[in-house]
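Architecture and fold: a report
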Amino acid sequence: MDDDPVTRGQFEVFLGCAPGVGKTFEMLERAQTLRAEGVDVVVGIVESHGRPATAAMAEGVEAVPRRRMRYRGTVLEELDLDAVLARRPAVVLVDELAHTNAPGLRNGKRWQDIDVLLDAGIDVLSTVNIQHLESLNDVVAEITGAPQRETVPDVVVRRADQIELVDIEPAALRRRLAEGKVYGPVRAEGALANFFRQGNLTALRELALLWLADRVDEKLADYRAANAITDTWEARERVVVAVTGGPESSDLIRRARRIASRASAELLVVRVVRGDGLADPVVDPDALRRLSHDCGAVFTTVVGDDVPATLLDYARAVNATQLVLGTSRRSRWRRLLDEGVAAGVVRDSGRIDVHMVTHSESSRSPLDIRHTRLHRPLSWVFALVVPALVAAFLVPLDAHLGLSSKSSLFLVGVLAVALLGGIGPAALSAVVSGLLLNFLYTGPRYTLTVSSPDNLITIIVMIVVAIAVAGLVDSATVRRREAALAGRDAELLSMFSGAVLDGAGVTDLLGRVRDVYQQESVAAARAVAGELVVQASVGTAPPRSSDEATTVCEASGGTYALLLRGPETGPRERRVLGAVASQVAAALERDRLTAEAADADELARTDELRRALLTAVSHDLRTPLAAAKAAVSSLRSPDLTFGPDDTAELLATTEESVDQLTALVGNLLDSSRLAAGVVHPVLRRTYLPEVVHRVIAAADRADRIAQVRFGCAWACTDAGLLERVLANLVANALGHTAGPVELSTSTVAERDGGIRCRLAVIDHGPGMPAAGRGRVFQPFHQYGDQRSPGSGVGLGLAVAAGFVSAVGGTLEATGTPGGGTTMIVELPVGSDAPADAADEEAT
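Residues numbered from 1 in each chain as written. Predicted model: local features only at pLDDT ≥ 70, side-chain atom pairs only at ≥ 80, totals over all residues. Heavy atoms only, no water.

As a further point, take helix α22 (residues 688–698). Note that an α-helix has 3.6 residues per turn; residues three or four places apart therefore point the same way. Of the residues making up α22, those classed as buried are L688, P689, V691, V692, V695 and I696. The buried residues of α22 occupy one face: seen down the axis, they fall within an arc of 160 degrees. Set apart from the buried face of α22 by more than 90 degrees, the exposed residues are A697 and A698. Turning to α22, the residues buried within the fold contact β18 (684–687), β19 (705–710), β20 (714–717), α23 (719–735), β21 (741–749) and β22 (755–763). (Buried < 20%, exposed > 50% of the residue type's maximum accessible area, 1.4 Å probe, protein only. Helix = DSSP H or I, 4+ residues; strand = E, 2+ residues; numbered from the N terminus. Arc of directions from axis to C-beta. Contact = heavy atoms within 4.5 Å.)

Encoded structure:
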């Protein structure tokens, strides 16, 4: 028996921007090449859609027989997964990655079948159109007006070993369509005027190119990380703009946006928070984030003691090619003592281009003495130079000033050194000043002999004053630094807490931790049976245990832990990370409890539904069954003889009972479909008068429908489901009033400028109080909780509400002026596309 693990198969995807670009043809051409090379290739399932060139390309390649499934009176041909696994070829062709399998198969989606094949070690070639990717579904619907029913998760395509883009100019694709190479003449004409418009195809082509470029960029980032490459590779223009959070930040972001636009580059905004807390205050962090988002940029906050190095590390990590900085707001004197961030970045930028942008704040240079920046070896030089300068200054004034004035001037110099240098340089300056004063200006002069106690006291006072002033300055500096550090921690905590309050998920929170602390990966784990089980992670190769992490922050008494892999963090950073770990733990616990509560609610609803169903069925199904059986038994009885009228009445009773049973069973089946989530509407532009007339024609008492008014003729919906909705609403209205029933349609303007279509079913019966209108849409609920013969099990309105929700509409009950109830259905109007262009399948 072979216990060797099976190597996962290779997965190759042929990606196209629209149907008809030639994905299936390219896949078959690859299969023919592999077959010529002696590779065992089979066709699992390939759809030629009646295209002769595609069918011809498949000739000669072995095809695994398809599995035939009967569904709703139609025979569907699907991929026979078990047959392919039994055949076990080297390569199998599986067309249409986003396809939904017929009910009854092992997997619901074709991409899940492909996963099984790959796990079995079989290589797979497949195809997909860009409009079927889950992340682009809403974008494609907005561009084309045709929402896609079948989608595939992006991660399925992203993890393919190879993606080949099958590209074609929009004009060439339209020409191919007009020549009948994609669809038949009738369908092609409508497609050219709608889905296959020049603008639609151009937009879809751009989406495909950009999506594939992002995927290539991810692969490049993974390769650079795996090989520890930090040099910039100019494979793609990427602009990073550094902001301080000051008033000039908005100008820098806008300027960087213009620079990035000219180069068609990606824009990233980064703010470095100094590890020592000496960061410029942020004017409005939310405003900066909003502005970054409006400019199409990603806003990131990172922490680092050395701002130039941190900034360049971030730029190299994202493979930036250009870096935008604002000119310094510091004065010339301060720049003499410290070169500043810009100079450091320019000096060490290497291959990254640096743009220096001027702004209005650069002309301002407010006095902002930060004493921690002056505690440097230069202070010891000042301790020697300042007393010498004071002594030189006093030389021409020796005959005009007394000893006390000279002592005061030396004391001023000592205080200056104390302010700038700290306790050590201040004490040295006091000693040097005292010795110079004694040597040059006290008797006996030019000797270090202290002949008078006053001179000794002067030196001692200078030292005491210098140490006291320097101590106060250092104390204030420490407090300032601690306050700044506390402010930095508060800002970071505020940022993380704000993300939680804004509804950010655990993954988003972990992503912010990774960006702020420049980690390779971050994971959130939960302790289960003494072992950590990762619940969520971001980054490459996230740590799976404490041993694999460089930083571990526990939360909730050790139940949860935050695992970081990357540069080691200090004690202060761990304090913030501890708070973030608690937030992550709370979020994970909230998600777990929410899931458990949802499961409990679902079980409770299912149990309630089951009890109500049994109660309703025991009465409402038994009544028509008993009536039908009694009528049939009477007709079949040999002891009874009925006249023509009596026979007709008994047959009518039987027919009416069977109709009631049919309606009840239909509603029960529809309710179960809604509960199981298997209602898949086909949204198309629908002509409402046609639907309404079909409903009226099928109604039992259509003569009581007094008036029909059409103020809106079209809506984007599923015609079949809408017909069921209106039929249930009309039946409900006819059953609760003896008077006439009215139907009307009208258009309603929305706040965003859009238009919706409103359908109203109006009765003039007894009506219902406002408090009870919402409950009538609950399953098995009947108004007043009173059942009447033939009233049903209370599912008609519940089914109607479920179907309306499935097609993206709303259903509500309101009062009719003068008495009665009005059921209002609102539906999107949709685009001008005809029905057959709204349901394009991947081909």
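Moving on, we come to the pairing of β22. Of all nine residues making up β22, seven are buried, and the element is well covered by its neighbours. Here β22 pairs with strand β24 (residues 821–828) via seven bridges, running antiparallel. When the bridges of β24 are listed, C757 appears paired with L827. (Pairing = 2+ DSSP bridges.)

So, about the sheet that holds strand β16 (residues 551–555). Taking strand neighbours across the sheet as the criterion, the four strands line up as β15-β14-β17-β16 in an open arrangement whose pairing is antiparallel. The open sheet has two edge strands, β15 (531–539) and β16, and neither has a second partner. Across the sheet, the mean angle separating the axes of adjacent strands is 20 degrees when strand polarity is ignored. Sheet analysis places strand β14 (residues 521–528) next to β15, joined by eight bridges and oriented antiparallel. The residue bridging A524 from the neighbouring strand is A536, located in β15. Contacts between helix α19 (residues 506–516) and the sheet are confined to β14, β15 and β17 (560–565), with β15 contributing the most and set at about 70 degrees to the helix. (Axes fitted to C-alpha atoms, helices over the stretch in contact; angles between N-to-C directions.)

Within helix α7 (residues 170–178) the residues assigned to the buried category are P170, L173 and L177. All buried residues of α7 lie within an arc of 60 degrees about the axis, which places them on one face of the element.

Residues L378, V381, F382, L384, V385, L389, L419 and L420 make up a contiguous nonpolar surface patch of roughly 660 Å² in combined accessible area. Going through the elements one at a time, α15 (378–394) and α16 (403–421) are the ones with two or more residues in the nonpolar patch. For the nonpolar patch, the element with the most residues is α15, which contributes six residues. Along the polypeptide, V385 turns up in helix α15. (Patch = residues over 30% accessible without salt bridge, like charges linked within 9 Å, V, L, I, M, F, W, Y side chains within 5 Å. Areas by Shrake-Rupley, 256 points an atom, 1.4 Å probe, with all protein chains shown as cover. Salt bridge = Lys/Arg side-chain N within 4 Å of Asp/Glu carboxyl O.)

Moving on, we come to the side chain of S292. Secondary-structure assignment places S292 in helix α11 (residues 285–294). When near neighbours in sequence (up to four residues on either side) are disregarded, S292 contacts I253, V269, A297 and F299.

Turning our eyes to something else, we now look at the pairing of strand β23 (residues 810–815). Pairing geometry for β23 and β24, over six bridges, is antiparallel. Residue pairing across strands places L811 opposite V825, the latter belonging to β24. The hairpin turn running from β23 into β24, its antiparallel successor, is five residues long, and G818 in that turn takes a positive phi close to 90 degrees.

Pairing of side chains with opposite charge becomes possible as their charged atoms draw close. All told, the structure shown has 20 salt bridges when counted by the stated rule. Put simply, D119 and R8 hold a salt bridge, and the shortest N to O gap is 2.3 Å. With D119 in helix α4 (residues 110–119) and R8 in the segment before β1 (11–16), this residue pair connects regions lying 111 residues apart in the sequence. Residues E164 and R30 are paired through a salt bridge, measuring 2.6 Å at the closest nitrogen-oxygen approach. Here E164 is found in strand β8 (residues 162–166), whereas its partner R30 is found in helix α1 (residues 23–36), with 134 residues between them in sequence. Among the charged side chains, a network of salt bridges with common partners joins R8, D115, D119 and R159.

Let's shift gears to the packing of aromatic side chains. For the structure on display, the rule yields one aromatic pair. Ring centres of Y687 and W714 lie 5.2 Å apart, and the angle between their planes is 50 degrees; on these two criteria the pair is classed as tilted. With Y687 in strand β18 and W714 in strand β20, the pair connects residues that are 27 residues apart, well separated along the chain. Take Y687: its relative accessible area is 39%, and that puts it in the partly exposed class. (Phe/Tyr/Trp six-rings, centres within 6.5 Å; stacked < 30°, edge-to-face > 60°.)

There is a patch of like negative charges on the surface, built from E655, E656, D659 and D700. Assignment of secondary structure puts E656 in helix α21 (residues 644–676). (Lys, Arg positive; Asp, Glu negative; His and termini not counted. Charge placed at Lys NZ, Arg CZ, Asp CG, Glu CD.)

Across the sheet, five strands lie side by side as β19-β21-β22-β24-β23; this open sheet has mixed pairing. The sheet terminates laterally at β19 and β23, the two strands that pair on one side only. Across this sheet, the average inter-strand angle for adjacent strands is 20 degrees, counted without regard to direction. In this structure, β19 lies alongside β21, joined through five bridges in parallel fashion. Bridging from a neighbouring strand, I705 pairs with V741 of β21.

In this section: the environment of A468. Among the secondary structure elements, A468 is positioned in helix α18 (residues 453–501). Overall, the relative accessible area of 41% leaves A468 in the partly exposed class.

Core analysis: the biggest nonpolar cluster contains 58 residues, and L93, L97, I130 and V152 have the highest contact counts within it. Ignoring anything within four residues of it in the chain, the contact list for V152 reads L97, A98, W111, V128, H132, L133, E134 and V157. (Core = buried A, V, L, I, M, F, W, Y, C linked by side-chain atoms within 4.5 Å.)

The next point concerns the environment of I168. Looking at the secondary structure, you find I168 in the loop between β8 and α7. C-alpha separation for the pair I168 and G22, spaced 146 residues apart in sequence, amounts to 8.6 Å. Residue contacts for I168: discarding those within four places in its chain leaves V21, L173, R176 and R205.

Moving on: unusual backbone geometry. Even without being a glycine, R88 presents a positive backbone phi close to 50 degrees. Checked against the element boundaries, R88 lands in the loop between α3 (81–87) and β6 (91–94). Residue classification places R88 among the partly exposed positions, given a relative accessible area of 45%. Residues other than glycine seldom take positive phi values, yet E96 does so here, at roughly 55 degrees.

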